[in-house]
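So you can see what is in the structure, the chains are spelled out below.
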Amino acid sequence: MRIGVLTSGGDCPGLNAVIRSVVHRAVVDHGDEVIGFHDGWRGLLECDYRKLDLDAVGGILARGGTILGSSRVQPAHLRDGVERARGHVADLGLDAIIPIGGEGTLKAANLLSEAGLPIVGVPKTIDNDIASTDVTFGFDTAVGVATEALDRLKTTAESHQRVLIVEVMGRHTGWIALHSGMAAGAHAIVVPERPFDIGELTELVGKRFSAGKRFAIVVVAEGAKPREGSMEFDIGGKDMYGHERFAGVARQLSVELEERLGKEARPVILGHVQRGGTPTAYDRVLATRFGWHAVEAAHRGEFGMMTALRGTDIVMVPLAEAVETLKTVPGERYAEAECVL
Ligand code: F6P
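Residues numbered from 1 in each chain as written. Predicted model: local features only at pLDDT ≥ 70, side-chain atom pairs only at ≥ 80, totals over all residues.

(A) Structural view of the pairing of strand β5 (residues 120-123). Side chains of β5 alternate between two faces, with Val120 and Val122 and Gly121 and Pro123 buried alike. In the sheet, strand β4 (residues 96-101) pairs with β5 via two bridges, with the strands oriented parallel. Counterpart to Ile100 in the pairing with β5 is Val122. Handedness of the β-α-β unit built from β4, helix α4 (residues 103-114) and β5 comes out right-handed. (Buried ≥ 20, exposed ≤ 12 C-beta atoms within 10 Å, placed from the backbone. Helix = DSSP H or I, 4+ residues; strand = E, 2+ residues; numbered from the N terminus. Pairing = 2+ DSSP bridges. Right-handed = clockwise from strand over helix to strand, strands pointing away.)

Right, dumping it as structure tokens:
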């Protein structure tokens, strides 16, 4: 079998572990040939690739980023994108393509699959918002980074009697905010799923100071917005690929809370540090299992499917189903966090 693998969209700790696992399972156990496309879909569309053997994937398990590179380019961006991809798959004699990516990448994978290409998807995102899988690799690492940052920020917040508003990633969902906020014992958690009321948030933080506490930590997901009419708010715009370019919820919240509380407030934006560096053991294991199962699915001819974690098992789910909706934070999960704020 000849397999093509690519990593597309925002990078995420664990991508290299999947690539390594695909190569080991395919080359060593099945005697397959594996090629890796450079910079995600761009590599497939421009036929830019290299052969991946055991040497190529040596020593990459614990390395962050992706040895193949990534980009936001998608087949749908080109008028003849699907036809180009189909042509290159035929020219290269590929029997299977394994795209590793998040929401946008999996939508592109589904499009190509519906056009008849042999696709087995692997979900990744630190945001943990892909439906059909309990967890995506990268999430555990990102939550760990955010939690460590929150722990550290507590001591400086306390020294200065400040309110620190810490912005974590999460364009559409608040999984990182919820988990890191719970793990670090934040005093308020703000997620996109529940537009916040600035009056209620001020009261929650204010109560801490009235109770004699010297500081407060608010964790906010970058995509969080106020309830309509609650406060003036600049959402921002879009980047060249149509992705949100947020104006900065933490910055705006810090101005508003400082004014309302009469306490010094500072925004802290964690940003891409949450995506960088070495994956946790949990993410390495999940990524390795996804890679193994993607190769097996390809050998069974199970195309148009995606690897997923259900409980402790890896199962295959239809790509079409996985890209239908995002996995948002349910009200009950938020209530569990709220009770310990
Ligand atoms: O991977 C998803 C994500 O982490 C989002 O939470 C965030 O909005 C986005 O990536 C930012 O990615 P980039 O700046 O690379 O476009």
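After that view, the rundown keeps rolling.
(B) Fine view of the sheet that holds strand β8 (residues 216-221). Read from one edge of the open sheet, four strands run β7-β8-β6-β11, paired in parallel fashion. Looking at strand neighbours, the two that pair on one side only are β7 (188-190) and β11 (265-269), the edges of this open sheet. Shown here is a sheet whose adjacent strand axes are inclined to one another by a mean of 20°, direction ignored. Two strands pair when backbone bridges link them, and β7 and β8 are joined in this way by three bridges, in the parallel orientation. Looking at β8, one finds that Ile189 is bridged to Val219. The sheet contacts of helix α6 (residues 175-184) involve β6 (163-168), β7 and β8, and relative to β8 the element is tilted by about 155°. (Axes fitted to C-alpha atoms, helices over the stretch in contact; angles between N-to-C directions. Contact = placed C-beta atoms within 7 Å.)

(C) Inspection of the packing of helix α7 (residues 198-210) against helix α8 (residues 249-261) at higher detail. Look at α7 against α8: their axes get within 10 Å of each other, and the N-to-C directions meet at 60°. Put simply, α7 runs oblique to α8. Our pair here, α7 against α8, has a crossing hand that is right-handed. On α8, the residues touching Ile198, Thr202, Val205 and Gly206 of α7 are Glu256, Leu257, Arg260 and Leu261. Classifying every residue of the contact of α7 with α8 by side-chain character gives four nonpolar, two polar and two charged. (Parallel < 35°, antiparallel > 145°, perpendicular 65-115°, else oblique. Left-handed = near helix turned anticlockwise from the far one by under 90°. Nonpolar A, V, L, I, M, F, W, Y, C, P; charged D, E, K, R; others polar.)

(D) Spotlight on the sheet that holds strand β13 (residues 313-318). Judged by pairing direction, the sheet is mixed, and its seven strands sit side by side in the order β3-β2-β1-β4-β5-β12-β13 without closing on themselves. Since the sheet does not close on itself, it has two edges, and those belong to β3 (49-52) and β13, each with one partner. When the angles between neighbouring strand axes are averaged without regard to direction, this sheet yields 30°. Pairing geometry for strand β2 (residues 33-37) and β3, over four bridges, is antiparallel. Across the sheet, Phe37 pairs through a bridge with Tyr49, a residue of β3. Strands β1 (2-7), β4, β5, β12 (305-310) and β13 of the sheet are contacted by helix α9 (residues 281-300), whose axis makes an angle of about 170° with β5.

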